[in-house]
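Each chain, written out:
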There are 4 protein chains.
Amino acid sequence: MKLAVVGGGSTYSPELADGLARRSKDLGLEEIALTDIDAERLRVVGGFVGRMLRKLSPEVRVTLESSTEAAIDGADFVVTQIRVGGQEARKKDEQLGARFGVIGQETTGVGGFSKAMRTIPELLKIARIIEERAPGAVLINFTNPVSIVTQALLNHSSVNSIGLCNIPIGLKMDVAKILGVDPARVKLDSVGLNHLSFVRRALLDGKDVLPGLLEDAGAMREGKPANIPELDYPAEFITALGMIPSDYLRYFFLQRETVDDQSKKEKTRAEEVMAIEQDLLSHYADEKNEEKPASLSKRGGAFYSHAAIEVIEAIAKNTGDELVVDVINGTTVPELPPDAAIEVPCIVDARGARAIAQPPLEPSIRGVIQHVKAYEELTVRSSVNQSRRDAILALAAHPLVPSVEVAIGVVDEIGGSLGLS
Amino acid sequence: MKLAVVGGGSTYSPELADGLARRSKDLGLEEIALTDIDAERLRVVGGFVGRMLRKLSPEVRVTLESSTEAAIDGADFVVTQIRVGGQEARKKDEQLGARFGVIGQETTGVGGFSKAMRTIPELLKIARIIEERAPGAVLINFTNPVSIVTQALLNHSSVNSIGLCNIPIGLKMDVAKILGVDPARVKLDSVGLNHLSFVRRALLDGKDVLPGLLEDAGAMREGKPANIPELDYPAEFITALGMIPSDYLRYFFLQRETVDDQSKKEKTRAEEVMAIEQDLLSHYADEKNEEKPASLSKRGGAFYSHAAIEVIEAIAKNTGDELVVDVINGTTVPELPPDAAIEVPCIVDARGARAIAQPPLEPSIRGVIQHVKAYEELTVRSSVNQSRRDAILALAAHPLVPSVEVAIGVVDEIGGSLGLS
Amino acid sequence: MKLAVVGGGSTYSPELADGLARRSKDLGLEEIALTDIDAERLRVVGGFVGRMLRKLSPEVRVTLESSTEAAIDGADFVVTQIRVGGQEARKKDEQLGARFGVIGQETTGVGGFSKAMRTIPELLKIARIIEERAPGAVLINFTNPVSIVTQALLNHSSVNSIGLCNIPIGLKMDVAKILGVDPARVKLDSVGLNHLSFVRRALLDGKDVLPGLLEDAGAMREGKPANIPELDYPAEFITALGMIPSDYLRYFFLQRETVDDQSKKEKTRAEEVMAIEQDLLSHYADEKNEEKPASLSKRGGAFYSHAAIEVIEAIAKNTGDELVVDVINGTTVPELPPDAAIEVPCIVDARGARAIAQPPLEPSIRGVIQHVKAYEELTVRSSVNQSRRDAILALAAHPLVPSVEVAIGVVDEIGGSLGLS
Amino acid sequence: MKLAVVGGGSTYSPELADGLARRSKDLGLEEIALTDIDAERLRVVGGFVGRMLRKLSPEVRVTLESSTEAAIDGADFVVTQIRVGGQEARKKDEQLGARFGVIGQETTGVGGFSKAMRTIPELLKIARIIEERAPGAVLINFTNPVSIVTQALLNHSSVNSIGLCNIPIGLKMDVAKILGVDPARVKLDSVGLNHLSFVRRALLDGKDVLPGLLEDAGAMREGKPANIPELDYPAEFITALGMIPSDYLRYFFLQRETVDDQSKKEKTRAEEVMAIEQDLLSHYADEKNEEKPASLSKRGGAFYSHAAIEVIEAIAKNTGDELVVDVINGTTVPELPPDAAIEVPCIVDARGARAIAQPPLEPSIRGVIQHVKAYEELTVRSSVNQSRRDAILALAAHPLVPSVEVAIGVVDEIGGSLGLS
């Protein structure tokens, strides 16, 4: 088995490599091919990954490829974790949001839009390479905004693509910790889109324990991803809802507070991450180091490696495990279009990921999911068609954009560099 | 034919009565029964209506009834134009919005929610009376928020109910005026919800002339309803959209500007209307007057009478005219639930109103319509169940409510008087 | 206005021409262009039509064109009434059914399949000509099997196509006759496919009188089309159903009896028609004759001209009349695919025909309609792809084909001449 | 864990008991409670089951209960395998079919209808007892016609009901045998209704090997259930279809041949089974016997025990195994109503069975599935409402009933004893 990592120079790569190394025999892993457009980071991170693997799992070959084609050629799995434009671009997105008085986060609002527009064309290029060089490969897309990027892949390429995020597994780990049980005994019935999902049942050994958990809604506050603000839903809202909303739903249900909070922050999240990354890269560059640093956990990707390996294992070993991933909708959630990317529990085996039947969306969650999906669909269309018109309509259709003047203003700023016309 | 007007003391009644009088022979109208819980206004307005009819159409009997049952008994048509709590309640709704920094308008946002919650129980009581006293009657509901109230009627009574608003006909008149043609040659293909609809084709003698109209988007700025702020969409948005959005969509597409504007207004719309109504009532009270005053047009109900009479005539005379009204969805707009009230062109004849097939909703308009419909569904549910929980979820599901803290705060303020628990 | 008739040598043409002549001034009709691949019949029938028009409506020009392109060029309406292979082919279809012990009728069963496969390519050729020579024209397709042929046109050309049959109007005339009222006061709410439709409400001045009509189910037996056998549904079935099924549904609900009856007939319907046509052609050929012969009514096309002119008038004069025609489904009947051709009441005006919302299909009628539609879809696919595989699947999917051996046997017989592979 | 078997006197019971005994420790099985209205058979079969268990798994208690309530009280699983009216009733159903010249088989056609009508009320009674005495229990329904009976349970009781049949597992075993591999490596992607399903992919270690299998369609002829006639599909049909149809689909795709064949048989299947059962009961009655007899395999229930234990184990041990069972549709197969029972691969765990997403139904299989489902829905309705009208409509809606005269004739014969009015 060959696994290719596009964006292999990411500071996350050692996390993934560490996880793969520990399961390599079981998975039959023979080669990890890393590629990155930043040759220096590929050298530094790739070198560190090579040392890790030599120690943990010497039978696995680590190859560093300057060409994406070479990395992907003949791969069984391709993991994409690129960040087009790097943290500098992220910083600009966050500032863009602040300047317009709206959310500039990298996965939603105008920040997410800007990132999606930069990213979709690159992912579709990678998909074209997979179609040619590794037509049977599974593409595991970690690149944010996962929901939009995965929908672009599902609708505009023939690659067997699965979107993946560490939030569902992180939430499961949190619930297991609160319950004080082995995570293997816990399953979460969640529904929605990536970063816009709701847990409707929390199962311990197959029995729903969510009502008890929600009685102490405060109990859910641990283990939040590090890259979103520290806000809390009022307990009565959670009780009324009867579900656990994804932390990212705070951008919607506590929009006002989140925007206020963003305006008070002195540093963007991008700037915080840049500092963390400098530390990590120093660690990786030191030829003496061959174990992942403790500080990696600050980077925000808890369980990232775990999530990836769960999917790879389910496919490679044809297990049929139930995992929460991003797939094509079909009629699973009939309140959304058939070609939408959705995030629901799926059966994952050698066939790929197949969604499990869902009960209807409650109206309390239906509207916001549908609204954001319409925005996502328009964003994909705008990117594929390089259309300024669709870009304006996409932002105007976003529930967090409070005026079409903002939509037009944002497109005026970023549309030129995106080549929209 | 007997027509009952519930809320007959409304200052609009003379407008309706004037229209009916002019078509009474054609319609076979024999009796107009007015009822109102405000005995003094019923006396003043009803007295004036009686004088009007005696002059214009003396064969029609005008009866003033203190009992709703008596007014409805045996009616063929029931028109509802009540305002529960009067302009005082409206003023409170508008102030409620201002206090929370959100839209307090009477048909949307927290103001619309408050009005809907006060109004639904009263309309359902009227429906019960119709079920008993006039089971074959058609209920024409003008009471705002028309979309929510009509959905409550369609889902929770067996009465043949049609929601009606003067916006669609007003927009058609505007378009005819811009084109310089007889309105009878114009038809608008609009789709959506009441106060949340989009014109996708504007037909002159059956040929679509919308693209030409949108080239000069400014041309559409005339004839706006008097009760919404004077804001303008940027021309590029309208061109990108390729449709005419209802003026009320400014609350969504220009939310920020509308809230700012609201905060700067010294008087609420309710206070403006109260002053206008005083003038009108003085006119009506003067026994010498038997014609509707010119100032009635300031009240905001342009074409109100025209719209009502179009529907009544289509049913009474079984014409099959194409009119834009609010009806049950079924599968006409499959992106919305089957039991939703929608506002689309319908064929109206003795069978009632049947929707005409619609093309799919474009994603540029789909999200906001779906989002608001989810809120509307929860509002109906909250009212019918007198549920505080559903009230919180309804407001949390409204795209113009920027925080669940606002949702809970509003329910804290008004939930008690509504009897929620 | 120019109207082209493809298959203008049909013995029906004088019926159509007679109707057009009587409304020509009202419609603004300037030219009727007839074309036919049978030059002799075009000469005979066209000559007669010319004499009729000269007498009835001399301002209308009648042109006989040997080229379909020339006939269609610049037309506003194109009426198609071709019979590929003529009555000889029909005879073979009927004998084919008899040989396999199944229905060989020209619109359903193996006979209908054979006719559809011969006909679809010709209609699509005509559609291509319209796309080039008369892109704004409306195609009114009378060619059987109307349901399948119209679906092919709707799915495989951009022409504004409407399927039309004289059955709905004939049934309405029957009902009016039974009720003893002017047909203008009657409307039938029917749903389904062409030749597979059910009347769910019969409205007299907008009030449903169907329950009373069904009490005497025998009353419905008049006015049946001349080209289907004289069978009767048992009264209890009609009462249980609570609807009037199209006469052609006898092939399904009385399949056994119809097959028995077919096996006892000495002459095919084709042979009967050939004799009638000889008489008609003799009449037409006689230069003294300039009025349509009484015997034309035996040909089976009662109200054929009436039906066509209703549609032409509704479009040309933008009336918005409610007419039962064959159009694209969309979500009108959600139990059928969106791209299905369905036969339901539509609003017909300058925009074309738009379906009116329908209540859900009752299970008593749902299954057979869905089953036949699947067959129809496969037939269109088989014709467009010239696919033997799809042809076998189409017949295997037909509820009146009792064995896949029959399906394969029929395809063995006719597949070669159709060019299937 | 307690497992109750209603219809415990069935000659199948030893098969089930044998399987349970071999897994009892793993499952934590403590008690098997058998109940039957036939006290003598309960004594004979129950006695034999007791001896089997004492030998194989002495820690499991076998209780024989004359009262269904007592057997079900506190059960975790209830297995229903009743045959209302016994083989005598089956014989009458088969003769009924023969008399009308139509299929009289016990799961489809008029035979299946008759059996469904006798059976639904009894299963709903059992469901009521479960609701009261064992509200958390899972009902595994083996009672034919499984599709209709399970739909009645799903729509008219709150019991967690799963329909189960040995056909899917039998087909999987056949495919494994043909491939020469361990059945654990094989999964079949099938879709449809019980006894009306189609295998669209056959997966060996997750890779589709169906195309190869179909090349030699003859290879699929082994392992057919013993209770349907020995007919073969023509190879070209199977190749064209590209799927494996359930053997029971021969009643539809080879209807003519199957009816012919039925008319030639001297004995009904019921009579054959009666003879087999006499043998089995003699074996069971002999107190020396404590192992299941070889002749049990002739009874037609191959893998019956295997199928049951797979489901019980998946639920009891919360495994999430992928099994083909009968569940509520929801939107899994959007071409069927949401409340339909469908047979598809499901994830089975402590939550019950949840369907896995399905691609759209191909038109080659869609029509017949939809048609039969409409019949099934009407049959459930007729039984629940004891309605003669719905019974006629049900049979008239069955694609194998060639005339409404047959529908009425059958209802005339059996309606009285069923209490229809």
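As the structure is a computational prediction, the values presented were derived from the model and not from experiment.

Here is what the cut-offs are and how they apply
- Every chain begins its residue count from 1, and numbering advances along the sequence as written.
- As a convention, the first chain written is A and the first ligand written is 1, with the rest following in written order.
- A pLDDT threshold of at least 70 governs which residues receive local features in this predicted model, and a stricter bar of 80 or more applies before side-chain atom pairs are shown or counted, although totals over entire chains, interfaces and linings include all residues.
- To obtain the side-chain values, all non-hydrogen atoms of the structure were used and water was disregarded.
- Superposition of the copies was done by least squares, using only C-alpha atoms of residues whose pLDDT is at least 70 in both.
- Two residues qualify as a contact provided that any one of their heavy atoms is within 4.5 Å of a heavy atom in the partner residue.
- Two parts placed together each lose some accessible area under a 1.4 Å probe, and the buried area is that loss summed for both.
- Salt bridges are defined by distance alone: a side-chain nitrogen of Lys or Arg within 4 Å of a carboxyl oxygen of Asp or Glu.
- Two N or O atoms form a polar contact when they lie within 3.5 Å of each other; inside protein one atom must be a possible hydrogen donor and the other a possible acceptor, and for residues adjacent in sequence the pair counts only when both atoms belong to side chains.
- Put simply, DSSP H or I for four residues or longer makes a helix, DSSP E for two residues or longer makes a strand, and each gets a number counted from the N terminus.
- In this count, Pro and Cys sit with the nonpolar residues alongside Ala, Val, Leu, Ile, Met, Phe, Trp and Tyr, while Asp, Glu, Lys and Arg are called charged and the others, Gly among them, polar.
- Categorising residues by exposure relies on relative accessible area from a 1.4 Å probe, with only protein chains included: less than 20% of the type maximum marks a residue as buried, more than 50% marks it as exposed, and the intermediate range marks it as partly exposed.
- For every element, the axis is a line fit to its C-alpha atoms; helices are fit only across the contacting stretch, and the angle between N-to-C directions ranges from 0 to 180 degrees.
- Angles are sorted into four bins: roughly parallel if under 35 degrees, roughly antiparallel if over 145, roughly perpendicular if 65 to 115, and oblique for all others.
- Each crossing gets its handedness from the near helix: less than a right angle anticlockwise from the far helix is left-handed, clockwise is right-handed.
- Residue-level confidence of the predictor is what pLDDT reports, using numbers from 0 through 100.
- DSSP bridges decide pairing: two strands pair if at least two such bridges lie between them.
- What we call a nonpolar core is a set of buried Ala, Val, Leu, Ile, Met, Phe, Trp, Tyr and Cys residues that are connected through their side-chain atoms within 4.5 Å.
- Only a pair of cysteine sulfur atoms within 2.5 Å counts as a disulfide in this structure description.

Caption draft 1: Just the relation of the copies chain D and chain C, in detail. With an RMSD of 0.0 Å, chain D superimposes on chain C once it is rotated by 180 degrees and translated 0.0 Å along the axis. With respect to symmetry, the two chain copies, as superposed, fit the operation of a two-fold axis. In this assembly the copies share their binding face: 100% of the residues contributing to the interface of chain D also contribute to that of chain C.

Caption draft 2: Region of the structure containing the interface of chain D and chain C. Chain D puts 42 residues into the contact, and the matching count from chain C is 42 residues. Overall, the association of chain D and chain C removes approximately 3400 Å² of surface from exposure, summing both partners, and the carbon and sulfur fraction of that is 57%. Considering only the side of chain D, the residues that lose the most area to chain C are Arg256, Pro363 and Val404 of chain D, jointly responsible for 17% of the buried surface there. Linking chain D with chain C are 4 salt bridges, by the criterion used here. Arginine 388 of chain D is paired through a salt bridge with glutamate 236 of chain C; the nearest N and O atoms lie 2.7 Å apart. Where chain D touches chain C, the interface holds 19 residue pairs in polar contact (both at pLDDT 80 or more).

Caption draft 3: Fine view of the interface of chain B and chain A. Each partner contributes residues to the interface: chain B has 42 residues there, and chain A has 42 residues. Approximately 3400 Å² of surface area, both sides summed, lies buried where chain B meets chain A, with 57% of it carried by carbon and sulfur atoms. Ranking the residues of chain B by area buried against chain A places Arg256, Pro363 and Val404 of chain B at the top, with a combined share of 16%. Put simply, chain B and chain A have 4 salt bridges between them. Arginine 366 of chain A serves as the salt-bridge partner of glutamate 377 of chain B, at 2.8 Å between the closest nitrogen and oxygen. Applying the counting criterion to the chain B and chain A interface returns 19 residue pairs in polar contact (both at pLDDT 80 or more). Contributing elements (two or more residues each) for the side of chain B that touches chain A: helix 9 (235-241), helix 10 (250-253), helix 11 (255-264), helix 14 (363-385), helix 15 (388-396) and helix 16 (404-418) of chain B. Sorting elements by how many residues they give to the side of chain B that touches chain A places helix 14 of chain B first, with 12 residues. The class makeup of the residues in the side of chain B that touches chain A is 23 nonpolar, 8 polar and 11 charged.

Caption draft 4: Structural context of the arrangement of the chains. Over all C-alpha pairs, chain A and chain C never come within contact, reaching a minimum spacing of 13 Å. The smallest C-alpha distance separating chain B from chain D is 13 Å, and no contact links them.

Caption draft 5: Representation of the pattern of salt bridges within the structure. Inspection of every chain in the model, using the stated rule, returns 152 salt bridges over all chains. Notably, a salt bridge pairs arginine 351 of chain C with glutamate 322 of chain B, separated by 3.0 Å at the nearest N-O pair. Within this pair, whereas arginine 351 of chain C is found in the loop between strand 12 (341-349) and strand 13 (352-355), its partner glutamate 322 of chain B is found in strand 11 (residues 321-328), the two belonging to separate chains. Each member of the pair, arginine 351 of chain C as well as glutamate 322 of chain B, is classed as buried.

Caption draft 6: The packing of helix 1 (residues 13-27) of chain B against helix 13 (residues 304-316) of chain B, seen in detail. All names here are of chain B. Taken N-terminus to C-terminus, the directions of helix 1 and helix 13 make an angle of 30 degrees; their axes are 8 Å apart at the nearest point. Our classification of the angle between helix 1 and helix 13 gives roughly parallel. Once helix 1 is placed against helix 13, the crossing between them reads as right-handed. Along the contact surface, helix 1 presents Glu15, Leu16, Gly19, Leu20, Arg23, Asp26 and Leu27, while helix 13 presents Tyr304, Ser305, Ala308, Ile309, Ile312, Glu313 and Ala316. Of the residues in the contact of helix 1 with helix 13, the class split is 8 nonpolar, 2 polar and 4 charged.

Caption draft 7: Examining the confidence of the model for chain A more closely. All names here are of chain A. Taken as a whole, chain A shows an average pLDDT of 93; of its residues, 96% reach a score of 70 or greater. Taken together, the stretch residues 223-230 has pLDDT below 50 and engages in 27 contacts with residues farther than four places along the chain or on a different chain. Here the predicted complex carries an ipTM of 0.95, next to a pTM of 0.95.

Caption draft 8: Layout of the side chain of arginine 366 of chain B. Along the polypeptide, arginine 366 of chain B turns up in helix 14. Owing to a relative accessible area of 6%, arginine 366 of chain B belongs among the buried residues under this scheme.

Caption draft 9: Examining the pairing of strand 4 (residues 77-80) of chain C more closely. Residue and element names in this part refer to chain C. Covered by surrounding structure in strand 4 are Phe77 and Val79 together with Val78 and Thr80, the residues of both alternating faces. Bridging between strand 1 (residues 2-6) and strand 4 involves 4 bridges; their strand directions are parallel. Each residue of the ladder has a partner; that of valine 6, found in strand 4, is threonine 80. Strand direction decides the pairing type here: strand 4 and strand 5 (residues 138-141), joined by 4 bridges, are parallel. Paired with phenylalanine 77 across the bridge in strand 5 is valine 138.

Caption draft 10: Representation of the relation of the copies chain B and chain A within the structure. Mapping chain B onto chain A calls for a screw motion: a turn of 180 degrees about the axis and a shift of 0.0 Å along it, with 0.0 Å RMSD after fitting. Most of the interface of chain B is mirrored in chain A: 100% of its interface residues are interface residues there too.

Caption draft 11: Here's a closer look at the nonpolar core. Formed by 282 residues in total, the largest nonpolar core has its most connected members in Phe237 of chain A together with Phe237 of chain B. Beyond its immediate stretch of four places on either side in the chain, phenylalanine 237 of chain B contacts Leu393, Ala396, Val404 and Ile408 of chain A together with Phe253 of chain B.

Caption draft 12: Just the state of the cysteines, in detail. Residues and elements named next belong to chain A. Summed over the entire model, instances satisfying the criterion amount to 0 disulfides over all chains. Just so you know, cysteine 165 is unpaired, no disulfide at all, and the nearest cysteine sulfur is the one on cysteine 346, 14 Å from it. We classify cysteine 165 as buried; its relative accessible area is 8%.

Caption draft 13: Representation of the side chain of threonine 150 of chain D. All names here are of chain D. Here threonine 150 lies in helix 6 (residues 146-156). A polar contact of 3.3 Å, which involves the side chain of threonine 150, links it to the side chain of asparagine 141. Setting aside its immediate chain neighbours within four residues, threonine 150 contacts Asn141, Ile162, Gly163, Asp326 and Ala341.

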